[in-house]
Amino acid sequence: MDNILYAFERPVNEPVKTYAPGTKERELLKASVSKWETQEIEIPLIIDGKEVRTGDVGKVVMPHNHKKVIATYHKAGPKEVKAAIKAANKAHKEWSKMPWLERASIMMRLAELCAVKYRYDLNASVMVGQSKNPMQAEIDAPCEMIDFLRFSAYYAGKIYAEQPLSEQGVFNRLEYRPLEGFVFTLTPFNFTSIAANLNLAPAMMGNTCVWKPSTTSLHSNYFLMKLFEEAGLPAGVVNFVPGQGSVIGKEILADPSLAGFHFTGSTGTFNALWQGIGNNISNYRCYPKIVGETGGKNFVLAHPSADPREVAVALARGAFEYQGQKCSAASRAYLPKSLWKEIKGLLEEMLSSMKMGDVNDFSNFINAVIDEASFDNIKSFIDHAKKASDAKVVIGGKCDKSVGYFVQPTVIETTNPTYKSMVEEIFGPVLTVYVYEDNEFAKVLKLVDTSTAYGLTGSIFSRDRYAITEVMDALRYSAGNFYINDKPTGAVVGQQPFGGSRASGTNDKAGGPLNLLRWVNPRNIKETFLSPTEYTYPFVMPE
């Protein structure tokens, strides 16, 4: 079996289903949504392939109907975290030695399960538990997750095939060992596909993981874990440990076998955990690999030559799809005075037609934000703008959490380019616009580059190619994913490798070979066929 030299074909991206009226897929998805809404599931921990119930439980509710409980979950304590670490280290012995094609076959089987057998159940779980409309759920899980899995296997083969030069009489090989220890994965609520990739990218390269999922995405994440098992992922390769972050983090950071940290979430959380790793650095067997995608304050910059409708559509989609709860969501816009009136009018027209409500109604473009804490935080920015002397709410601004956590798509206009909502991450359906004088474009470039600490995504709209090249040069480090005449969201695996730097993360480009390389610990092996029998070299020989 281990003498197979196999190269996966370059994958094509998973086709996105439309769920248009009258289609069979729409009917099947509605049935799955109804199924998940009408039952309450129990979510245990899964450690070393075994279900663990601690009795310390919490509730999972639907964000768009927070009185409806869809799951009860068990929380890990210190004992369970230690058990998960032990299980990961035990599984490492066999998993790390398994031929990579066998690991890849599990990933490919999982992709097929998600594409065919469980597509609608997975999609519906994301809709019900994370309040996504059918399109936003579809492009997340299954589609992006399937792409992560298939491209991961493809890129892993490319990495393993990359070998050093061997001169005559010498055989050089590069072994891509997994890390020596376990990987801690801390996953976000907003993308189920990211939760899968944060665990399975390291696993593809032979690592084992302890997974702390977000409490607000537990419904779909538990379903994912069950799919991992059905696909054939051995016990202990991924250990599912929901619970309180501080409890889990304390045990993880104290363990000498921590070898890696794979993260998507807030900049503050990432900084705190990185600092915790630094404080314990002398205790670890090896230096942990740290990979994180964190916050963003993503921009849309329009040049005076831009098409107003194109800009308005990009803002409507880029700022408000999935209620602005994307790391890449447009949250600040710099628009020329000559175009602002028309763009504003178009935005008003578009946003007024966006229906907001329950995911069951497929005509709703906007659903609920994830939980009460998020709702309250978003509302505080809107309330601040309503009272500010240098900002005003020009579109939307209504908030209601009586039934679900609903925030109306909101546009704030400010005269202050460093106004609170122009520089601070909100993670909600709020867009702040700064209107500049047309002749101050060069000045605005500096504002875009220096106003915030982040560097994740951004876009320029222009018909003037000289302006586009000027922007690309001036904003070279302002965005890890930069878009020309497009919204700053919607990166596709294999097409736009995703990630940013500055306060937005380590920019290791999820879904691509750069990320996979972070989860290996290379060993070079040199074999000499005829070893020297004398220590001397020619230069010491007599004349």
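None of these values were measured; they are calculated from a predicted model. (Residues numbered from 1 in each chain as written. Predicted model: local features only at pLDDT ≥ 70, side-chain atom pairs only at ≥ 80, totals over all residues. Heavy atoms only, no water.)

(A) Spotlight on helix H15 (residues 465-474). Buried within H15 are the following residues: Ala467, Ile468 and Val471. The arc that holds every buried residue of H15, seen down its axis, measures 100°, which confines them to one face. Opposite its buried face, H15 presents the exposed residues Arg465, Tyr466 and Asp473, each directed more than 90 degrees away. For H15, the secondary structure elements touched by its buried residues are strand E12 (298-302), helix H14 (441-450), strand E20 (457-461) and strand E21 (481-484). With a side-chain oxygen lying 2.9 Å from the backbone nitrogen of tyrosine 466, the N-terminal cap of H15 falls on aspartate 464. (Buried < 20%, exposed > 50% of the residue type's maximum accessible area, 1.4 Å probe, protein only. Helix = DSSP H or I, 4+ residues; strand = E, 2+ residues; numbered from the N terminus. Arc of directions from axis to C-beta. Contact = heavy atoms within 4.5 Å. Polar contact = N/O pair within 3.5 Å; in protein donor to acceptor, adjacent residues only side chain to side chain.)

(B) Spotlight on the environment of leucine 530. Tracing the backbone through its elements, the reader meets leucine 530 in the segment after strand E23 (520-528). As a C-alpha pair, leucine 530 and serine 353 span 177 residues in sequence and 78 Å in three-dimensional space.

(C) Just the sheet that holds strand E13 (residues 330-336), in detail. Strands sit in the order E14-E17-E18-E13-E12-E20-E21 across an open sheet of 7 strands; the sheet is mixed. The open sheet has two edge strands with one neighbour each: strand E14 (391-395) and E21. Strand-to-strand twist across the sheet, computed as the mean angle between neighbouring axes with direction ignored, equals 20°. Here 4 bridges tie E14 to strand E17 (residues 410-414), and the two strands are oriented antiparallel to one another. (Pairing = 2+ DSSP bridges. Axes fitted to C-alpha atoms, helices over the stretch in contact; angles between N-to-C directions.)

(D) Here's a closer look at the side chain of glutamate 251. As for its placement among the helices and strands, glutamate 251 is situated in helix H8 (residues 245-254). You can call glutamate 251 buried: its relative accessible area is 15%. Within the structure, glutamate 251 has its side chain in polar contact with the side chain of lysine 82 (distance 2.7 Å). Once residues lying within four places of it in the same chain are set aside, the contact partners of glutamate 251 are Pro78, Val81, Lys82 and Ile85.

(E) Structural context of the packing of aromatic side chains. As enumerated under the stated definition, the model contains 22 aromatic pairs in all. Judged by centre distance (6.4 Å) and plane angle (85°), the rings of tyrosine 19 and tyrosine 120 are edge-to-face. Of this pair, tyrosine 19 sits in the segment before helix H1 (24-37) while tyrosine 120 sits in helix H4 (residues 119-130), and the two are 101 residues apart along the sequence. Here tyrosine 120 falls in the buried class, since its relative accessible area comes to 17%. With 5.2 Å between their ring centres and 15° between their planes, phenylalanine 263 and phenylalanine 270 make a pair best called stacked. Grouping residues by exposure puts phenylalanine 263 and phenylalanine 270 together as buried. Ring pairing ties together the aromatic residues Tyr6, Phe8, Trp100, Tyr160 and Tyr176, which thus form one cluster. A cation over a ring is seen here: lysine 35 above tryptophan 36, with NZ or CZ 4.8 Å from the ring centre. Sitting over the ring of phenylalanine 381, lysine 420 keeps its end group 4.8 Å from the ring centre. (Phe/Tyr/Trp six-rings, centres within 6.5 Å; stacked < 30°, edge-to-face > 60°. Lys NZ or Arg CZ within 6 Å of the ring centre and 35° of its normal.)

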